[in-house]
Every structure is written in structure tokens, then in C-alpha cells.
Amino acid sequence: MAGTNETATTATIYHNPRCSTSRNTLKLIEEAGLEPTVVKYLETPPTRDELSTLLSDAGLRPSEAVRRKEARFRELGLATASEDELLDAMVAEPILIERPIVVTDRGTVLARPYEKVREIL
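Below or above, wherever it landed, is the structure these notes cover. (Residues numbered from 1 in each chain as written. Predicted model: local features only at pLDDT ≥ 70, side-chain atom pairs only at ≥ 80, totals over all residues. Heavy atoms only, no water.)

**Topic: the sheet that holds strand E4 (residues 107-110)**
If you walk across this open sheet you meet the four strands as E2-E1-E3-E4, and the pairing is mixed. Two strands bound the open sheet, and with one partner strand each, they are strand E2 (37-40) and E4. When the angles between neighbouring strand axes are averaged without regard to direction, this sheet yields 15°. With four bridges joining them, strand E1 (residues 11-15) and E2 adopt parallel strand pairing. Bridge pairing in E2 links Ile13 to Val38. Contacting E1, E2 and strand E3 (101-104), helix H1 (residues 20-31) crosses the sheet at an angle of about 165° to E1. (Pairing = 2+ DSSP bridges. Helix = DSSP H or I, 4+ residues; strand = E, 2+ residues; numbered from the N terminus. Axes fitted to C-alpha atoms, helices over the stretch in contact; angles between N-to-C directions. Contact = heavy atoms within 4.5 Å.)

This is how it looks when you write it as C-alpha cells:
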């Protein structure tokens, strides 16, 4: 990770344009002068390995990055699922991935609240 006085030079956002938190995060990234790579993860979901790496880099377990209030979470009976089962479910049903996840050359965060992205800009 870059030193704390340096600013990020690259950014990728795993984005859902229908989500206000995701839109606000994208706006903060752009206001910081970056032109992020926007991955609409519902259309182009990460592979299991990619998602596992994103979560690991953000210091999160799948249980900390799954959308528990999402209807599919209940429909799939995931309340007692293991971390591996949650990861598999998130890959199969990307709507279950909490958003937005942002990667810069300074680190990776789940930007909830959206201001959390400032930690890596």
C-alpha cells in the first residue's frame, strides 16, 4: 500500500448504478480526480477467486460482505451458511454482494458508508 501522504492514481469500483451508496461513492472517486474502471458486477460478476481476493484484500469474510436483507438471502436459506457456502452463493447470485467494493493502488474497501472510500483515495 502506498504511503499515507500519497494519493491514489487508479481506481476500480464494483458498481450497481441503481444503488445510491454506489452512485455517491463513484461521485467521490471522480471528485478526487480519478477516472475509475466501473465494473457493473450484476452484469459482469467476479469469479469465485476474484471475489475471494477482493474480500481478503478488504479484510472481510463473506459473512461481512453479503447482503443479508436481500430477498435472495432468505430464499436461499443462507442464514446458517458457512463462509464457503456464502462465497459460492455470492458468485452464483451477485445481487448478494454488498456494494460498492472499491480497489485503488492504496487498498480495497467496502465503501459503506460511501465516505469510507476516502481512506484509499
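After that view of the structure, there is still more to cover.
**Quick look at unusual backbone geometry**
Note: most residues except glycine have negative phi, and most peptide bonds are trans. At the junction of Arg99 and Pro100, the peptide bond is cis and its omega measures out at -5° in the coordinates. Structurally, Pro100 is set in the loop between helix H4 (83-92) and E3. Here the amide bond leading from Arg112 into Pro113 is cis, since omega sits at 0°, within 30 degrees of zero. Following the sequence through the fold, Pro113 ends up in the segment after E4.

**Comments concerning the pattern of salt bridges**
Charged atoms that come close allow side chains of opposite charge to pair. Taken as a whole and assessed by the stated rule, the structure comprises ten salt bridges. Ionic pairing is found between Glu93 and Arg72, a salt bridge with its closest N-O pair at 2.8 Å. Taken as a pair, Glu93 in the loop between H4 and E3 and Arg72 in helix H3 (residues 71-75) lie far apart in primary sequence, 21 residues in all. Looking at Glu93, the relative accessible area reads 23%, which means it is partly exposed. For Arg72, a relative accessible area of 26% corresponds to the partly exposed category. Taking the shortest distance from any N to any O, the salt bridge between Glu119 and Lys116 comes out at 3.5 Å. The class for Lys116 is partly exposed, based on a relative accessible area of 30%. Beyond isolated ion pairs, a larger network of salt bridges with shared partners links Arg67, Glu70, Glu98 and Arg112. (Salt bridge = Lys/Arg side-chain N within 4 Å of Asp/Glu carboxyl O. Buried < 20%, exposed > 50% of the residue type's maximum accessible area, 1.4 Å probe, protein only.)

Treat this as a map of the structure, not an account of what it does.
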